[in-house]
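Commentary on secondary and tertiary structure
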Amino acid sequence: MGADHARRLATRIAGASLTALADPDEGRVGALAEELDGIAVHADPLDLIASDDVDAVVLASPGSVHEEQLLACIERGVHVLCEKPLTMDSESSLRVVEAERAGGRDLVQVGFMRRFDPEYVRLKALLDSGRMGRTLLLHQTHRNKSVPHPDFRSEMIVRDSLVHEIDCARWLLGEEIVSIQVISPTPTSHAREGVVDPQIAILRTASGAVVTNEVFVNARTGYEVRVEAVAERGSAIIGRPASGVYTTTADPGGGDGSWGGPIDPDYRVRFERAYDLEVQAWVDASRRGEVVGPTSRDGYVSTLVCTAGMQSLASGVPVAVETPGS
Ligand code: INS
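Just so you know, these numbers come straight off a predicted model, no measurement behind them. (Residues numbered from 1 in each chain as written. Predicted model: local features only at pLDDT ≥ 70, side-chain atom pairs only at ≥ 80, totals over all residues. Heavy atoms only, no water.)

1. A look at the overall build of the protein
We count it as follows: For the purposes of this entry, the term helix denotes a DSSP run of H or I that reaches at least four residues, the term strand denotes a run of E that reaches at least two, and both are numbered from the N terminus. A radius of gyration in this sense is built from C-alpha atoms; the matching globule rule multiplies 2.2 Å by the number of residues raised to 0.38. Per-residue accessibility, obtained with a 1.4 Å probe over protein chains only, is compared with the maximum for each type, and a residue is labelled buried under 20%, exposed over 50%, and partly exposed between these values. Here, Shrake-Rupley sampling with a 1.4 Å probe gives the accessible areas, and only protein chains in the shown set may cover a residue. When charges are counted, neither His nor the chain ends are considered; positive counts come from Lys and Arg and negative counts from Asp and Glu. Charged groups are reduced to one reference atom each: NZ for lysine, CZ for arginine, CG for aspartic acid, CD for glutamic acid.
Of regular secondary structure, the protein possesses ten helices and 14 strands. At 20 Å, the protein has a C-alpha radius of gyration in line with the 20 Å of a compact globule built from 326 residues. Out of the 326 residues belonging to the protein, those deemed buried represent 48%. Carbon and sulfur atoms provide 50% of the accessible area of the protein, an area that totals close to 15,600 Å². Distance between charge centroids for the protein: 7 Å, based on 32 positive and 48 negative side chains.

2. A look at the site of the ligand
Going by this rule: Here a residue is near a molecule or strand as soon as one of its heavy atoms is found within 4 Å of it. Counting of polar contacts relies on pairs of N or O atoms within 3.5 Å, with two restrictions inside protein: one atom must be capable of donating a hydrogen and the other of accepting it, and residues adjacent in sequence are counted only when both atoms are side-chain atoms. Gly falls in the polar group here, along with every residue not listed as nonpolar (Ala, Val, Leu, Ile, Met, Phe, Trp, Tyr, Cys, Pro) or charged (Asp, Glu, Lys, Arg).
The full set of residues close to the ligand is K84, M113, H142, N144, F152, D160, S161, H164, Y223 and Y267. At a separation of 2.6 Å, an oxygen atom of the ligand approaches a polar side-chain atom of S161. Isolated, the ligand exposes 300 Å² of accessible area, and the fraction of that covered by the protein chains is 89%. The element contributing the most residues to the shell around the ligand is helix α7 (residues 154-173), with three residues. Considering only residue class, the shell around the ligand consists of four nonpolar, four polar and two charged.

3. Notes on the pattern of salt bridges
Quick note on the threshold: In what follows, salt bridge is the name for a side-chain nitrogen of Lys or Arg lying within 4 Å of a carboxyl oxygen of Asp or Glu.
Taken as a whole, this structure holds 23 salt bridges when the rule is applied. A salt bridge links R12 to E272; the shortest N-O distance between them is 3.6 Å. In this pair, R12 sits in the loop between α1 (2-11) and β1 (20-22) while E272 sits in helix α9 (residues 272-288), placing the two residues 260 residues apart along the sequence. Overall, the relative accessible area of 41% leaves R12 in the partly exposed class. Close ionic contact of E224 with R143 constitutes a salt bridge, the shortest N to O distance being 3.5 Å. Here E224 is found in strand β10 (residues 224-231), whereas its partner R143 is found in strand β6 (residues 135-143), with 81 residues between them in sequence. By relative accessible area, which is 16% here, E224 ends up buried. Linked by salt bridges that have partners in common, R115, D167, R170, E176, R297 and D298 make up one network.

4. Considering the UniProt feature "domain: Gfo/Idh/MocA-like oxidoreductase N-terminal" (unreviewed entry) in the protein
Applicable threshold: UniProt positions are given in the numbering used here, feature names are shortened, and annotations may be inferred rather than shown by experiment.
When the UniProt feature table is mapped onto this chain numbering, "domain: Gfo/Idh/MocA-like oxidoreductase N-terminal" (unreviewed entry) sits at residues 1-111. The distance separating the terminal C-alpha atoms of residues 1-111 is 11 Å; by composition the span is 47% helix and 15% strand.

5. Some remarks on unusual backbone geometry
The linkage connecting K84 with the following residue, P85, adopts the cis geometry, with an omega of -5°. Relative to the helices and strands, P85 resides in the loop between β4 (79-82) and α5 (90-103). Omega for the bond connecting D197 with P198 falls within 30 degrees of zero, at 5°, which places this linkage in the cis form. Its place among the elements puts P198 in the loop between β7 (177-183) and β8 (199-205). The residue D37 is not glycine, and still its phi comes out positive at about 70°. Structurally, D37 can be placed in the loop between α2 (26-36) and β2 (40-42). With phi around 75°, R220 is a residue other than glycine that occupies positive phi space. Looking at the element boundaries, R220 is found in the loop between β9 (210-216) and β10.

6. Considering the packing of α7 against helix α10 (residues 296-315)
Put simply, the rule is: Where helices are involved, their axes are fitted lines through C-alpha atoms of the stretch in contact, as for all axes, and angles between N-to-C directions lie from 0 to 180°. With respect to orientation, any angle under 35 degrees is reported as roughly parallel, any angle over 145 as roughly antiparallel, any angle of 65 to 115 as roughly perpendicular, and every other angle as oblique. Crossing chirality is assigned from the near helix's rotation relative to the far helix, an anticlockwise turn below a right angle marking it left-handed and a clockwise turn marking it right-handed. Residues are treated as being in contact if the distance between any of their heavy atoms lies within 4.5 Å.
Between α7 and α10, whose axes approach to 9 Å, the crossing angle comes to 130°. Overall, the two elements α7 and α10 adopt an arrangement that is oblique. Viewed along their axes, α7 and α10 form a crossing whose handedness is right-handed. Only R297, D298, V301, S302, V305, C306, G309, M310 and L313 of α10 make contact with α7, whose side of the interface consists of S154, E155, V158, R159, V163, I166, D167 and R170. Along the lines of polarity and charge, the residues of the contact of α7 with α10 split into eight nonpolar, three polar and six charged.

7. Quick word on α7
This is how it is decided: Expected helix span is computed as 1.5 Å times (number of residues minus one). Bend, in this description, refers to the angle at a residue between axes fitted to the seven residues ending there and the seven starting there.
An ideal rise of 1.5 Å per residue puts 28 Å on 20 residues; α7 measures up with 27 Å between its terminal C-alpha atoms. Within α7, the axis deviates most sharply at L162, by approximately 50°. In terms of burial, α7 is a largely internal element, 19 of the 20 residues being buried. Phi for G174, located one or two positions after α7, is positive at around 65°.

Have a look at this one:
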């Protein structure tokens, strides 16, 4: 994701120039710096954050190091776009929110890029317009073809994948989640030993709406992210394959042919436009000294719900979530 954002900043985003990269993997960062030409390289991200030629930072590092890096950005007063999750647990997320508040300036945007995806934006506008009446249910589906990361355990499905659905549910419905229950079928044989995949998370909101979420990270087919919203006078679906290319395929064995279209391989492809719009909005807002889009508080609240989700993953029973006032 870091390389993806670096290329985006270097080639497609107006009003910003990429000056430095940091990655402890020297070979990887060296190759990227060479490709992008004239970019300073730091082994330690904290050195990058401290350097004078850096006015704003994108963090695409693992969630376990976000707190330290975010606090360094806040201390230096630089704008930061932090990939999700904000941090690994609600206590550390709260420390980030409080540090930003103590500094007196809004500096943190969280990388919930779906809020910038044109289809999501249209769905949000439709729900907010009231044309379909009150929203009763959301059904959210989130499938990855596979997850190469060896540490992608059951908890990461909640913390790294479900976290998007949690943010979308709060944003689309405009209200807080009051409980979460995570249940699961017998796991797919494609998951690593002991990994609970797929998972179904059931969220309840303050007004009584229900959000069902399927997260399946070894689905084998491709990247599929869909939402169906059910309201009192209608329903709406987003996330259907968008290519519009209808293909027919011959069976190599001489059997019946089949029809269909391609499925995006991963999130970088499916949400490419959303990432472009997200990073452009972040650059524009940073130059004005503002934060648009998901804030550190949104990151904190989603981590709070994920923490409850991980408890429910272990127990199978619903866990209440108490969201502190803003
Ligand atoms: C990635 C990313 C994707 C999500 C994956 C997750 O870090 O957030 O959007 O689909 O499950 O591993």
